[in-house]
Amino acid sequence: MTTSLSSLNNQVLQHILQHIDQALIVVSASELVILEVNQRSCEMLGRTRQELIGQALSSIECALQDLFFWDDINANPPLSGQRIAESEWLTADGLALPIEKRVSGFQDTNTNYWLIQVEDLTARRHIIQEQIQLASQLQSSLEATAEGILSVDLQGKVVNLNRRFAAMWGLSDELIVTRDGVAMMGHVHSCLHDADAFTAQLAYLKAHPESESEDNLSLLDGRHFISVSKPEYLRDRLVGRVFSVRDTSAMKKVEHELVDALALAEQAVQEKSQMLDALKLSESRLRRLINSSMIGIFQGDMRGHLTLADDVLLELLGVERHELVNNQVQWLQLTSPAYHQAHQAALKELQEYGHTVPFEAELSRSDGSKIPVMVGLAQLEGSRFEW
């Protein structure tokens, strides 16, 4: 049997119902029948007050959990305080409207009533969905970067990190799940060569939260990182710090290789300079020997052409320098025919060993006279065609 509201002060109740921003419904506690609604409730449901009053509450509630909710609330009535739950209302056009209801009880004489305050969750869920989507996009951006990202709040608690950061530092699943900033930084320190310097830097950043930092980190396993940190703001309010860590090991390797190559190049230049100095010294000694007038020295190629002769040799032959060098004179032309065979044998020995044992020969002077000599041949260093 439907309970009447005649005992209530209708004028006061109507004023409260119609002037509150939230949707309000009054139902009987025993039968869960709608006794009164305000205009906001009618607007949300797309029905008139007359259509709703007298209807069972189950005619507008379409969530399965509502059956268990009302069974529990009847067994444990919240006559002091409120009971809060999410549900769905069925609108006049058949749509399910997500709501949050707050149920409180009151008595009038010996009759119990439920006062239901209702909030439309459509806008809130839309905002939550946008936040979830934004968070998902942000996380996707974090995962797409090649750098390791770590975000901490002002107390040092880990707010977020990407998989790249976890992989770079070899973080355990336990550290990732617990997000214990102190334990995570302790693990980072255990990987570093100069952990004390990084600890001092973190202490400085904690004392100066608006500062930025850039640190070159050398790891015990041979890798090299650059850690850059900047303060994180939310609507101009400082909320934490973001660390961006880049692996520069490959760059460091190339850098070391370039340094080594430069060192080798400098060594090669130095060795070349020393070689040129030695060559100049050798050439100087050779020229002093050629110009010493002690022995006759000549230079030629494997075809027998003479290309250079000192003054002693020119005097022995009785010729001028231009007569000998510019005219492509052959050595055999200056040697008596009896010694040609010995000269050919010497050339073969020269090709095989780079030098010859001195052998006897006889030179023909320009005036037809003969001069007995001892001849020795040696290849010029770096050439197989000149002696």
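Heads up: these notes are all about the structure in this document.

Scoring rules and cut-offs
- Residues numbered from 1 in each chain as written.
- Predicted model: local features only at pLDDT ≥ 70, side-chain atom pairs only at ≥ 80, totals over all residues.
- Heavy atoms only, no water.
- Buried < 20%, exposed > 50% of the residue type's maximum accessible area, 1.4 Å probe, protein only.
- Helix = DSSP H or I, 4+ residues; strand = E, 2+ residues; numbered from the N terminus.
- Arc of directions from axis to C-beta.
- Contact = heavy atoms within 4.5 Å.
- Salt bridge = Lys/Arg side-chain N within 4 Å of Asp/Glu carboxyl O.
- Patch = residues over 30% accessible without salt bridge, like charges linked within 9 Å, V, L, I, M, F, W, Y side chains within 5 Å.
- Areas by Shrake-Rupley, 256 points an atom, 1.4 Å probe, with all protein chains shown as cover.
- Axes fitted to C-alpha atoms, helices over the stretch in contact; angles between N-to-C directions.
- Left-handed = near helix turned anticlockwise from the far one by under 90°.
- Nonpolar A, V, L, I, M, F, W, Y, C, P; charged D, E, K, R; others polar.
- Pairing = 2+ DSSP bridges.
- Expected span 1.5 Å × (residues − 1).

Things to note about helix H4 (residues 65-75)
Reasoning step 1: Listing the buried residues of H4 in full gives Asp66, Phe69, Trp70 and Ile73. In a view along the axis of H4, the buried residues occupy a sector of 90°, so they form one face of it. In H4, the exposed positions angled more than 90 degrees off the buried face are occupied by Leu67, Phe68, Asp71 and Ala75.
Reasoning step 2: Looking at the packing, one finds that the buried side of H4 touches strand S3 (83-90), strand S4 (96-108) and strand S5 (111-120).

Brief notes about the pattern of salt bridges
Reasoning step 1: Summed over the entire model, instances satisfying the criterion amount to eleven salt bridges.
Reasoning step 2: Between arginine 49 and glutamate 36 there is a salt bridge whose closest N-O contact spans 2.6 Å. Of this pair, arginine 49 sits in helix H3 (residues 49-52) while glutamate 36 is found in strand S2 (residues 34-37), placing the two residues 13 residues apart along the sequence.
Reasoning step 3: You can call arginine 49 partly exposed: its relative accessible area is 33%.
Reasoning step 4: Aspartate 72 serves as the salt-bridge partner of arginine 83, at 2.8 Å between the closest nitrogen and oxygen. Here the residue arginine 83 occupies a position in strand S3, and aspartate 72 occupies one in helix H4, the gap between them amounting to eleven residues.
Reasoning step 5: Judged by its relative accessible area of 37%, aspartate 72 falls in the partly exposed class.

As for a nonpolar patch on the surface
Reasoning step 1: Together, Leu64, Leu67 and Phe68 line one region of the surface with nonpolar side chains, adding up to about 370 Å² of accessible area.
Reasoning step 2: Owing to a relative accessible area of 60%, leucine 64 belongs among the exposed residues under this scheme.

A closer look at the environment of aspartate 21
Reasoning step 1: Following the sequence through the fold, aspartate 21 ends up in the loop between helix H1 (10-18) and strand S1 (23-28).
Reasoning step 2: When its relative accessible area of 71% is taken as the criterion, aspartate 21 is described as exposed.
Reasoning step 3: The sequence separation of aspartate 21 and glutamate 119 amounts to 98 residues, and the corresponding C-alpha distance is 9.5 Å.

Comments concerning unusual backbone geometry
Reasoning step 1: We note that leucine 32 has phi near 55°; this positive angle belongs to a residue other than glycine.
Reasoning step 2: Along the polypeptide, leucine 32 turns up in the loop between S1 and S2.
Reasoning step 3: Overall, the relative accessible area of 18% leaves leucine 32 in the buried class.
Reasoning step 4: Positioned with a positive phi, arginine 179 is a non-glycine residue whose angle comes to about 55°.
Reasoning step 5: Within the secondary structure, arginine 179 is located in the loop between helix H7 (173-178) and helix H8 (181-190).
Reasoning step 6: Look at arginine 179 and you get partly exposed, because its relative accessible area is 28%.

Some words on the packing of H8 against helix H9 (residues 195-207)
Reasoning step 1: Put simply, H8 and H9 touch, their axes get as near as 9 Å, and they point 145° apart. The chirality of how H8 crosses H9 is right-handed. For the pair H8 and H9, the contacting residues are Met185, Val188 and His189 in the first and Ala195, Phe198, Thr199 and Leu202 in the second.
Reasoning step 2: Along the lines of polarity and charge, the residues of the contact of H8 with H9 split into five nonpolar, two polar and no charged.

Some points on the pairing of S1
Reasoning step 1: With six of six residues buried, S1 is to be regarded as a mostly interior element.
Reasoning step 2: Both faces of S1 are covered, namely the face carrying Ala23, Ile25 and Val27 and the face carrying Leu24, Val26 and Ser28.
Reasoning step 3: In terms of strand pairing, S1 meets S5 through six bridges, oriented antiparallel. Bridge assignment links serine 28 to a residue of S5, and that residue is tyrosine 113.
Reasoning step 4: By the bridge criterion, three bridges tie S1 to S2 in an arrangement that is antiparallel. The partner of isoleucine 25 across the bridge, within S2, is valine 37.
Reasoning step 5: Where S1 hands over to S2, the hairpin turn is made up of five residues, of which leucine 32 adopts a positive phi near 55°.

Points about the side chain of serine 227
Reasoning step 1: Within the secondary structure, serine 227 is located in strand S9 (residues 224-234).
Reasoning step 2: If we skip the residues at most four places from it in the chain, serine 227 touches Phe198, Ser213, Glu214, Asp215, Leu217, Phe243, Ser244 and Val245.

Concerning H9
Reasoning step 1: For H9, built from 13 residues, the straight-helix expectation of 18 Å at 1.5 Å per residue is met to within 8% by its first-to-last C-alpha distance of 19 Å.
Reasoning step 2: Buried within H9 we find Ala195, Phe198, Gln201, Leu202 and Leu205. All buried residues of H9 lie within an arc of 120° about the axis, which places them on one face of the element. Away from the buried face of H9 by more than 90 degrees, exposed residues Asp196 and Ala207 are located.
Reasoning step 3: Looking at the buried positions of H9, the neighbouring elements they touch are H8, strand S8 (213-218), S9 and strand S10 (237-247).

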